[in-house]
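Survey of secondary and tertiary structure
Given next are the chains, with one letter for each unit.
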Amino acid sequence: MGVGYDSDENTVEECPLADDLRLVAKQELREDDIIRTHSLRAMRNWIRKHPDIVNCRTDAPFLLRFLRTKKFSVPMAQDMLERYLVIRQLYPQWFSKLDVDDPVISDILDSGYLVPLPGRDEFGRCVMFSCAGRFDPYKYTSADMARVHALIGESLMDDPENQIKGYSYVNDESGLLMGHMTLWSFSDIKRIIRCLQSSTPMRHKSTYFINVPNFADKFFTATVSFLNTKLKSRVKFFTGQKDIQKFIDPKYLPKEYGGEIPLDTMIAELKKKLRAKREMLLALDDMKINVNGKGKIISEFDDMQKELTGSFRKLEVD
């Protein structure tokens, strides 16, 4: 029951980490060799016995995505993995067919809308850099945007350094148009935020927005209100890119933002890495779980409609 590498419960993998990374994993995630081995065995046994999981990866890099995100709480990691499998089937328009050579995805990547920066932030986190003005909201859909984020995110999730240190997000909103804000319905914004918070095995550590135009203030206020308390506290707004340079070494920014490497070079390197992982990324669609229409996960998404009514009213009053 595995996609890629499968293992029985007695297998012990070597998961070597550099000394500094091993220290962070121990201090922040409670990870050591014994806990990691026992937790991987527990995850595999649970997957094997799960009545609804038809096919799922069981290799260590995949399972450690969830264990490290949940600080080696096996029940919480199992819950997140189940949610991850369910949302992939509930929303295939966002999370399936993640192909770098898909013409639409390839064009959006070439635009420079979203790239992981070549260097890390001051805490060693992977930095995802986006520029709204480089995404054409009149040519592409919200589903196209989501698939680009999912493609790049999935390509990074097996990296142990990313799993342990997490991610920072820098979003340049210069060039934002009304078309960008009408691209997504508030119900879909709420759904995809719920997916990111409870179903995506990534440690979201900080999110920075720069150059948000005045006409978009209410939109961003409403969107941030959908985040949980922890993630809300990690969102910051700045008026210009110089503020970001306090947190990220300027040399790692695209040359167009005062860095050293041209954006086109970053894009070419990104697409090279995505093509190297193309088979693995497409194979994610082979994973399957039988979705229970009356289960707790489906119920949570259904309940959002009631919550959204209050959100719409508040937005109208404001």
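These lines cover the structure that appears in this document, whether it is placed above or below. Remember, it's a predicted structure, so these values are computed and weren't measured experimentally. (Residues numbered from 1 in each chain as written. Predicted model: local features only at pLDDT ≥ 70, side-chain atom pairs only at ≥ 80, totals over all residues. Heavy atoms only, no water.)

Regarding the packing of aromatic side chains
Taken as a whole and assessed by the stated rule, the structure comprises 16 aromatic pairs. Considering the side-chain rings of F62 and Y84, the 5.9 Å spacing of their centres and the 65° angle between planes classify their relative orientation as edge-to-face. Of this pair, F62 sits in helix α3 (residues 60–69) while Y84 sits in helix α4 (residues 74–90), placing them 22 residues apart in sequence. Between F135 and Y140, the aromatic rings sit 5.8 Å apart at their centres with planes inclined by 55°, giving tilted as the arrangement. The class of Y140 is buried, set by a relative accessible area of 11%. Ring pairing ties together the aromatic residues F186, F209, F219, F220, F226 and F237, which thus form one cluster. (Phe/Tyr/Trp six-rings, centres within 6.5 Å; stacked < 30°, edge-to-face > 60°. Helix = DSSP H or I, 4+ residues; strand = E, 2+ residues; numbered from the N terminus. Buried < 20%, exposed > 50% of the residue type's maximum accessible area, 1.4 Å probe, protein only.)

What about the packing of helix α2 (residues 33–49) against α3?
Working note: a packed helix pair is described by the angle between its axes plus the distance between those axes. Packing of α2 against α3 leaves a shortest axis separation of 10 Å and a crossing angle of 105°. When the axes of α2 and α3 are compared, the pair comes out roughly perpendicular. The segment α2 lies against α3, with R36, S39, L40, M43, R44 and I47 engaging A60, L63, L64, L67 and R68. The residue makeup of the contact of α2 with α3, split by class, is 7 nonpolar, 1 polar and 3 charged. (Axes fitted to C-alpha atoms, helices over the stretch in contact; angles between N-to-C directions. Parallel < 35°, antiparallel > 145°, perpendicular 65-115°, else oblique. Contact = heavy atoms within 4.5 Å. Nonpolar A, V, L, I, M, F, W, Y, C, P; charged D, E, K, R; others polar.)

Some remarks on the sheet that holds strand β3 (residues 126–131)
Spatial strand order, β2-β3-β4-β5-β6: 5 strands in an open sheet with mixed pairing. Each end of this open sheet is capped by a strand with a single partner; those strands are β2 (114–116) and β6 (235–238). Here the strands of the sheet are splayed against their neighbours by 15° on average, with no regard to which way each runs. In the sheet, β2 pairs with β3 via 3 bridges, with the strands oriented antiparallel. Its bridge partner being in β3, L114 is matched across the sheet by S130. The sheet strands contacting helix α7 (residues 142–156) are β2, β3 and β4 (167–172), and the helix crosses β2 at an angle near 10°. (Pairing = 2+ DSSP bridges.)

Quick look at the pattern of salt bridges
Side-chain pairs of opposite charge can arise where the charged atoms are in close proximity. Counted by the stated rule, this structure contains 22 salt bridges. Taking the shortest distance from any N to any O, the salt bridge between R120 and E161 comes out at 3.6 Å. Of this pair, R120 sits in the loop between β2 and β3 while E161 sits in helix α8 (residues 160–165), and the two are 41 residues apart along the sequence. A single salt-bridge network, built from bridges that share partners, covers R57, D59, R65, R88, E154, D158 and D285. (Salt bridge = Lys/Arg side-chain N within 4 Å of Asp/Glu carboxyl O.)

A closer look at unusual backbone geometry
Backbone geometry places K71, a non-glycine residue, at a positive phi of 50°. On the basis of relative accessibility, which here comes to 38%, the residue K71 falls in the partly exposed class. For N211, which is not glycine, the phi torsion reads 60° and is therefore positive. For N211, the location among the structural elements is in the loop between β5 (204–210) and α11 (217–225). On the basis of relative accessibility, which here comes to 25%, the residue N211 falls in the partly exposed class.

Section: α2
The terminal C-alpha atoms of α2, which comprises 17 residues, lie 25 Å apart, in line with the 24 Å expected from a rise of 1.5 Å per residue. All of the buried residues in α2 are R36, T37, S39, L40, M43, R44, W46 and I47. At its buried positions, α2 is contacted by β1 (53–55), α3 and α4. The backbone nitrogen of I34 lies 3.1 Å from a side-chain oxygen of the residue at the head of α2, namely D32. (Expected span 1.5 Å × (residues − 1). Polar contact = N/O pair within 3.5 Å; in protein donor to acceptor, adjacent residues only side chain to side chain.)

So, the packing of helix α10 (residues 186–198) against α11
The geometry of α10 relative to α11 is characterised by a closest axis approach of 10 Å and an angle of 40° between their N-to-C directions. Between α10 and α11, the angle falls in the class oblique. Relative to α11, α10 is oriented so that their crossing is right-handed. Taking contact as the criterion, the partners of F186, I189 and I193 in α10 are, on α11, F219, A222 and T223. Here the contact of α10 with α11 is built from residues that sort into 5 nonpolar, 1 polar and no charged. (Left-handed = near helix turned anticlockwise from the far one by under 90°.)

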